[in-house]
Amino acid sequence: MINFLLIVFLISTQVLGDIWLSRGMKVFGEITSYHPEALGQLVGYLFTSPWIGMGVVTLTISMLIYLVSLTRLDMSFVLPMHAFSYVLNALMAWLILKEPVSLARWLAAIFISLGVFIVGWSKRIDDRKAQSPQESDPNIKSSLLLLLPLSFSLPKMWLGVLVLVLADCTADILVARGVKKIGTFSARSLTSILRWLKSVFMNPGVLIGVASYTVSFLMFISLLSWADISLVRPATGLGYIINLCGAHFILKEHISPGRLAGIIVIGWGVGIISLTG
């Protein structure tokens, strides 16, 4: 039940943070230059906009929930479940921001929802079987090819997505490895919580990951000034390919066939976004 609530709060805070940031950047307008003077205006706006402020605070809470989740669950499970935020992003963007959400984006949302369901169901089956880490894993290398969209060009928006994805995936893997070394989160007392947080933010891997998240955040802000959140957020899901490799080869997580199948379905949902965005 605790794990379920963590995932629910993680998704909810991520979606709300994205919506506030998107609304704030729509007020600011498109970022067309990274000249020092233009960057100064952008930074000034980021520190004074109430929408951006609410977005940053909400996403900070989401990040803390994410760190706690990683102490209890595998990254290869948390991130695919987190993908359901893409579906809620599209819904909230349509309802709150009045963004036009095309049929292709709704179709992608269906794929992503199906993939999340498969990942969640496979976790339930894995828990029942109590699979050991020594069991053989599926052939991930060949299966990863199924995650790739057939083709897509790389205009400015997609180059930005590529930079964001690489920074985000680097951060995800480094932070997950650092948090797992620290140990399980304990909320027995305020002192134990502060001690755990201190250990987290003094870990070199976590600090490098936070720096990578900062790069990812700045690029995300730029992307929100170029395109709708209902396109930008699902597009960043291309990072599942990298994160799946990192979870398997670096974090040594067991990727069951069911979990892999769910991630592949999510990847195809993201592929639809990339081909039609």
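Check the entry above for the structure.
Below, the structure is looked at part by part. (Residues numbered from 1 in each chain as written. Predicted model: local features only at pLDDT ≥ 70, side-chain atom pairs only at ≥ 80, totals over all residues. Heavy atoms only, no water.)

### A short note on the overall build of the chain
Right, so step 1: For the chain, the count of helices and strands is 13 helices and 0 strands.
Right, so step 2: Across the chain, helices and strands are ordered from the amino to the carboxyl terminus as α-α-α-α-α-α-α-α-α-α-α-α-α.
Right, so step 3: Here the chain, with 277 residues, has 50% of them falling under the buried criterion.
Right, so step 4: Taking all contacts inside the chain whose residues are at least 6 apart in sequence as the whole, residues at least 24 apart take part in 86%. (Helix = DSSP H or I, 4+ residues; strand = E, 2+ residues; numbered from the N terminus. Buried < 20%, exposed > 50% of the residue type's maximum accessible area, 1.4 Å probe, protein only. Contact = heavy atoms within 4.5 Å.)

### Details of helix α4 (residues 75–82)
Right, so step 1: Counted residue by residue, α4 has 8 buried out of 8 residues, so it is predominantly covered.
Right, so step 2: All of the buried residues in α4 are Met 75, Ser 76, Phe 77, Val 78, Leu 79, Pro 80, Met 81 and His 82.

### Here's the deal with the pattern of salt bridges
Right, so step 1: On inspection of all chains with the given rule, the structure shows 2 salt bridges.
Right, so step 2: Residues Glu 99 and Lys 26 are paired through a salt bridge, measuring 3.4 Å at the closest nitrogen-oxygen approach. Taken together, the residues span a long stretch of sequence, with Glu 99 in the loop between α5 (84–95) and α6 (103–129) and Lys 26 in helix α1 (residues 2–28) at a distance of 73 residues.
Right, so step 3: Among the ionic pairs, Lys 26 bridges to Asp 228, the shortest N-O distance being 3.2 Å. With Lys 26 in helix α1 and Asp 228 in the loop between α10 (204–226) and α11 (229–235), this residue pair connects regions lying 202 residues apart in the sequence.
Right, so step 4: Taking the relative accessible area as the measure of exposure, Lys 26 reaches 39% and is therefore partly exposed.
Right, so step 5: Three or more residues joined by partner-sharing salt bridges are found here, namely Lys 26, Glu 99 and Asp 228. (Salt bridge = Lys/Arg side-chain N within 4 Å of Asp/Glu carboxyl O.)

### Things to note about the environment of Asn 243
Right, so step 1: Tracing the backbone through its elements, the reader meets Asn 243 in helix α12 (residues 240–250).
Right, so step 2: Look at Asn 243 and you get buried, because its relative accessible area is 7%.
Right, so step 3: Residues Asn 243 and Ser 76, spaced 167 residues apart in sequence, show a C-alpha to C-alpha distance of 7.4 Å.
Right, so step 4: Look past the residues within four positions of Asn 243 in its chain and what remains in contact with it is Met 75, Leu 79, Cys 169, Asp 172 and Ile 173.

### What to know about the packing of helix α3 (residues 50–72) against helix α8 (residues 156–182)
Right, so step 1: Taken N-terminus to C-terminus, the directions of α3 and α8 make an angle of 60°; their axes are 9 Å apart at the nearest point. As the angle between them shows, α3 and α8 are arranged oblique. Considering how the two elements wind past one another, α3 and α8 form a crossing that is right-handed. Here Tyr 66, Leu 67, Leu 70 and Thr 71 of α3 lie close against α8, whose contacting residues are Asp 172, Val 175, Ala 176, Val 179 and Lys 180.
Right, so step 2: Among the residues forming the contact of α3 with α8, the class breakdown is 6 nonpolar, 1 polar and 2 charged. (Axes fitted to C-alpha atoms, helices over the stretch in contact; angles between N-to-C directions. Parallel < 35°, antiparallel > 145°, perpendicular 65-115°, else oblique. Left-handed = near helix turned anticlockwise from the far one by under 90°. Nonpolar A, V, L, I, M, F, W, Y, C, P; charged D, E, K, R; others polar.)

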